[in-house]
Amino acid sequence: MTVSETTMKETVQATWKKRPLIISGPCSAETEEQVLETAQRLAKTGKVNMLRAGIWKPRTRPGSFEGIGTKGLPWMQQAKKLTGLPITVEVATAKQVEDALHFDVDVLWIGARTTVNPFSVQEVADALKGVKLPVLIKNPINPDLELWTGAVERVAKAGIDQIGLIHRGFSAYGNSEYRNAPMWHLAIEMKRRNPELPFINDPSHICGRRDILLDVMQKAVNLDYDGFIIESHIDPDKAWSDAKQQVTPERLAEMLDEIVWRKEDS
Ligand code: PEP
Ligand code: MN
């Protein structure tokens, strides 16, 4: 292990303990320029601890942009080199885990459409055996805490000892203020059952629109969440996925300033 690799591992360990832990970046990596500019603008705010971007996108319907694929991984690695921010990507298959590890990704996350499927979670967990990386696990798209718990257990049994939970809301049929109903009581019950696991809020996928992000973030702070994973884009309206819910890095910084933090966090 080189000195800079050792330093990066220490950075990730320190980042994992940061409160609030703020993870941000685009829904999808689109181009190298977009990833690098986003990372640099996020780093400049001084308020973000980790860079996210979807490389493989599990879209509900075929025909939407399904992610840039493996070629986006070197862009993330370059963004990390430029900014010092650890990087995280979503993985849904063993091959994606293998590819992500090949590119020195610091943290992996399991998406809501994967958590829902025990076969997929098991495949990812098996690919993680012997790997020492933190893994964040989103709630399943349906309001089932047992599925969420099962995913945590499968990943833990694979030997991963740093697991975090992401609350991204639950699918509901019909019109609602939210894209995914927060069902705060379920999330809080999961938090109560797993007090030792970092509990992160994903306001972007709960809201589906940027005008109500701040309200959801404030609620999460009031409920003592450990941080956020929130989407940001250099030109949100032109994003290739989830355009309506993304904000610029600068707007994210403003929102983080507008939140009334609990005393312990400020
Ligand atoms: C995402 O984070 O861009 C994503 C696809 O989220 P989710 O799994 O919550 O739908
Ligand atoms: Mn998204």
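Overview of the structure. Keep in mind the model is a prediction, meaning the values are calculated, not measured. (Residues numbered from 1 in each chain as written. Chains lettered and ligands numbered in written order. Predicted model: local features only at pLDDT ≥ 70, side-chain atom pairs only at ≥ 80, totals over all residues. Heavy atoms only, no water.)

### Observations concerning the side chain of His 233
For clarity, the cut-off: Counting from the N terminus, the helices are DSSP H or I runs at least four residues long and the strands are E runs at least two residues long. Polar contact is the term for a pair of N or O atoms within 3.5 Å; when the atoms are in protein, one must be able to donate a hydrogen and the other to accept it, and sequence-neighboring residues count only if both atoms are side-chain atoms.
Checked against the element boundaries, His 233 lands in the loop between strand S8 (227-231) and helix H11 (249-258). Here the side chain of His 233 touches Asp 235 through a polar contact of 2.8 Å, landing on its backbone nitrogen.

### A few points about the coordination of the manganese ion (ligand 2)
Operational definition: Note on donors: an N, O or S atom is included if it sits within 2.8 Å of the metal, or within 3.2 Å for Na, K and Ca, and water is never included, so sites can look incomplete. Summary of the burial criterion: residues with accessible area below 20% of their type's maximum are buried, those above 50% are exposed, and those between are partly exposed, where the area comes from a 1.4 Å probe applied to protein chains only.
The manganese ion (ligand 2) binds to the protein through Cys 27 (SG), His 205 (NE2), Glu 231 (OE) and Asp 242 (OD); the donor distances cover 2.1 to 2.4 Å. The motif formed by the donor residues of the manganese ion (ligand 2), counted along the single chain, is C-x177-H-x25-E-x10-D. Separated by 37 residues along the polypeptide, His 205 in helix H9 (residues 203-207) and Asp 242 in the loop between S8 and H11 bring together distant segments of the chain. Here His 205 and Asp 242 have matching classes, each one buried.

### Description of the site of ligand 1
Quick reminder of the rule: For each residue, the test is whether any non-hydrogen atom lies within 4 Å of the molecule or strand; if one does, the residue is near. Only the protein chains shown count as cover for residues, and all accessible areas are computed by the Shrake-Rupley method using a 1.4 Å probe. Space inside and on the surface of the protein is sampled on a 1 Å grid over the protein atoms alone, with a cavity defined as a set of points where a 1.4 Å probe fits but cannot get out and a pocket as an open set with protein on both sides within 12 Å along at least 5 of 7 lines; lining residues have an atom within 4 Å of a point. Cavity and pocket membership follows a simple rule, namely that a molecule belongs there if more than half of its atoms are within 2 Å of the grid points.
In the region of ligand 1, the neighbouring residues are Cys 27, Arg 52, Lys 57, Glu 90, Trp 109, Gly 111, Ala 112, Arg 113, Lys 138, Arg 168, His 205 and Glu 231. Between ligand 1 and Arg 168 there is a distance of 2.6 Å, counted from an oxygen atom to a side-chain nitrogen or oxygen. Within the contact set of ligand 1, an oxygen atom lies 3.1 Å away from a side-chain nitrogen or oxygen of Glu 231. Isolated, ligand 1 exposes 300 Å² of accessible area, and the fraction of that covered by the protein chains is 97%. Taking a 2 Å distance to the grid points as the criterion, the majority of the atoms of ligand 1 fall inside the largest pocket.

### Considerations on the pairing of strand S1 (residues 21-25)
The criterion, for reference: Two strands qualify as a pair provided DSSP detects at least 2 bridges between them.
Taking burial as the measure, the five residues of S1 include five buried ones, the bulk of the element. Neither face of S1 is left uncovered, since the one carrying Leu 21, Ile 23 and Gly 25 and the one carrying Ile 22 and Ser 24 both have all their residues buried. Here S1 runs beside strand S2 (residues 50-52); their pairing, made up of two bridges, is parallel. Its bridge partner lying in S2, Ile 23 is registered against Met 50.

### A word on the layout of surface pockets
Let me state the cut-off plainly: Grid points are joined across faces, edges and corners, and a volume is the space filled by probe spheres set on the points. Three residue categories are used. Nonpolar comprises Ala, Val, Leu, Ile, Met, Phe, Trp, Tyr, Cys and Pro, charged comprises Asp, Glu, Lys and Arg, and polar comprises the others, including Gly.
Empty space within the largest pocket amounts to approximately 610 Å³. Residue composition of the lining of the largest pocket, grouped by class: nine nonpolar, ten polar and eleven charged. Arg 59, Tyr 178, Arg 179, Cys 207, Gly 208, Asp 242, Lys 244 and Gln 245 together form the lining of the second largest pocket. Of the residues contributing to the lining of the second largest pocket, the split by class is two nonpolar, two polar and four charged.

### As for the pairing of strand S5 (residues 135-138)
To be explicit about the condition: By definition, the crossover connecting two strands over a helix is right-handed if that path, from the first strand to the second, turns clockwise as seen with the strands pointing away from the viewer.
Of the two faces of S5, both are covered, the one formed by Val 135 and Ile 137 as well as the one formed by Leu 136 and Lys 138. Sheet analysis places strand S4 (residues 107-110) next to S5, joined by three bridges and oriented parallel. Each residue of the ladder has a partner; that of Leu 108, found in S5, is Val 135. Where the polypeptide runs from S5 across helix H7 (residues 145-157) and back to strand S6 (residues 163-167), its parallel neighbour, the crossover connection is right-handed.

Function-wise, these values are silent; they only describe arrangement.
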